[in-house]
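Descriptive structure summary
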Amino acid sequence: MVRNATNKLLQKAKKSKTDEFYTQFSDIERELQYYQKCFVGKVVYCNCDNPRMSNFFRYFVINFHSLGLKKLIASYYNATDNDFFQPNELKRGFFCEYSGINSDNNSAKIELLQFNGNGDFRSSECVELLKQSDIVVTNPPFSLFREFVAQIVKYKKQFLIIGNVNALTYKEIFKLIQNDKVWLGVNLGRGISGFIVPDSYKRYGSEVHTDCNGNTVISTNGCLWLTNLELKQRHEDINLTKEYYGNEEKYPMFDNCKGINVNRTQDIPKDYSGLMGVPITFLHKYNPDQFEIIRFRKGDDGKDLRVNGKCPYFRILIKNKRINV
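Throughout, residues of each chain are indexed from 1 in the direction in which the sequence is written. Owing to the predicted nature of the model, reporting of local features is limited to residues with pLDDT of at least 70; listing and counting of side-chain atom pairs is limited to 80 or more, with chain, interface and lining totals taken over all residues. Only hydrogens and water are removed before side-chain values are computed, so all heavy atoms of the structure are retained for them.

Time to look at the overall build of the protein chain. Counting its secondary structure elements, the protein chain contains seven helices and 18 strands. Here's how the labels work: a residue is buried when its accessible area is under 20% of the maximum for its type, exposed when over 50%, partly exposed in between, all with a 1.4 Å probe on protein chains only. Within the protein chain, buried positions represent 50% of all 325 residues. Residues are treated as being in contact if the distance between any of their heavy atoms lies within 4.5 Å. The long-range fraction of contacts in the protein chain, counting pairs at least 24 apart against all pairs at least 6 apart in sequence, stands at 68%. Accessible surface computed for the protein chain: about 16500 Å², of which carbon and sulfur atoms make up 48%. Numbering goes from the N terminus for both helices and strands, where a helix is a DSSP run of H or I of at least four residues and a strand is a run of E of at least two. Every accessible area reported is derived by Shrake-Rupley at a probe size of 1.4 Å, with residue values counting cover from the shown protein chains alone.

For the rest of this paragraph, the subject is the sheet that holds strand β17 (residues 291-296). Reading across from one edge, β15-β16-β18-β17 is the order of the four strands in this open sheet, with mixed pairing throughout. A strand with exactly one partner marks an edge of an open sheet, and here the two such strands are β15 (259-261) and β17. Direction aside, neighbouring strands of the sheet carry axes that sit 35 degrees apart on average. Only strands that DSSP links by at least two bridges are regarded as paired with each other. Sheet analysis places β17 next to strand β18 (residues 315-320), joined by five bridges and oriented antiparallel. Pairing of E292 across the sheet is with K319, part of β18. Simply put, an axis is a line fit to the C-alpha atoms, just over the touching stretch for a helix, and the angle between two N-to-C directions goes from 0 to 180 degrees.

Next up on the list: the side chain of Q151. When you line up the elements, Q151 lands in helix α6 (residues 145-154). If we ignore the near neighbours within four places in the chain, the residues touching Q151 are N47, F121, R122, V127 and L130.

Turning our attention to the sheet that holds strand β12 (residues 208-210). Hydrogen bonds between backbone atoms are what pair the strands of a sheet, whose relative direction is either parallel or antiparallel. The strand order across the open sheet built from four strands is β1-β11-β13-β12, with neighbouring strands paired in antiparallel fashion. Bordering the open sheet on either side are β1 (22-23) and β12, each of which pairs with just one other strand. Of the strand pairs in this sheet, β12 and strand β13 (residues 216-218) are connected by three bridges, and their pairing is antiparallel. Along β13, the bridge assignment pairs V208 with I218.

Turning next to the side chain of N50. With respect to the helices and strands, the residue N50 is situated in the loop between β2 (43-46) and α3 (55-62). With residues up to four places along the chain from it excluded, the contact list for N50 reads S75, Y76 and F94.

Glancing now at the packing of aromatic side chains. Classification of ring pairs rests on two measures: the distance between centres of Phe, Tyr or Trp rings, Trp counted by its six-membered ring, which must be within 6.5 Å, and the angle between planes, read as stacked under 30 degrees, edge-to-face over 60 and tilted in between. Counted under the stated rule, the structure contains 16 aromatic pairs. Between the aromatic rings of F56 and W225, the centroid separation amounts to 6.2 Å while the plane-to-plane angle is 75 degrees, which identifies the pairing as edge-to-face. Of this pair, F56 sits in helix α3 while W225 sits in strand β14 (residues 223-227), placing them 169 residues apart in sequence. For the pair shown, F56 and W225 are each scored as buried. Seen in terms of ring centroids, Y244 and Y251 are 5.9 Å apart; in terms of plane orientation they differ by 55 degrees. Their pairing is tilted. Judged by relative accessible area, Y244 falls into the buried class, the value being 10%. These aromatic residues form a ring-pair network of at least three members: F25, F39, Y59 and F60.

Listed below in structure tokens is the structure:
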């Protein structure tokens, strides 16, 4: 029940568009260790990040030279834009550009510059900064996740971002995964330990706590990393140990599709060449060299997949590329 409460809080925030969830430094370190070579000579843009408090910005400043970065850009959306009573100068967002050590005085030079507008990632000013960048790394607003991904795909940028697991069910996101344009990162669920939130958020049970710095942290298992940065782990085969033939009763056929239902990724049979409906968590282990994704959720009749008249939770239809029909 506690886990459900924290996930409901994330969903409530998504619906109300209060996306003030800040990524912990430890979670950034845990994921970024797998992409070190991707950043050499690159311009990184954290386009949903207040450089004064963003752990993404902090991570890239600390590791600027070890990663071999060319430049770091961060921009911040000023949420007071809709506050009628705020003077115009306080409604403007801001950004900064960081290029490492200043050779004149051997110190870090970080200067905050104001936008003319509020710093929304969709604004023309932020798009101009996006055009200058190579890789986008951030925790975007969950309520605008589709728009965010559509924008960075439109401008053909590499990216590593955090999203809600439910984003995998969005047809736009799933299509990118199916076409091998986007894939999941290494850490998922409990691999992302939690988010720092404003103190005004309601606390639910033991999964909301205060860290050593006095920050309110929500722990949740409903998030993932989504990326198009090359990752050797995604080419590792799923070790298949189960067999279909002789165990047919464990793999019922769908009512509206010539394929079998598989309840867990680890139960995918190694000897079945036809369509298999697997849970959406399969995508975390998905190797495009081993499997082909056929479609999501629907049977041959265009309706949700059914087994004995009942619809199992979201299923992805796949085929094993290594077995000849």
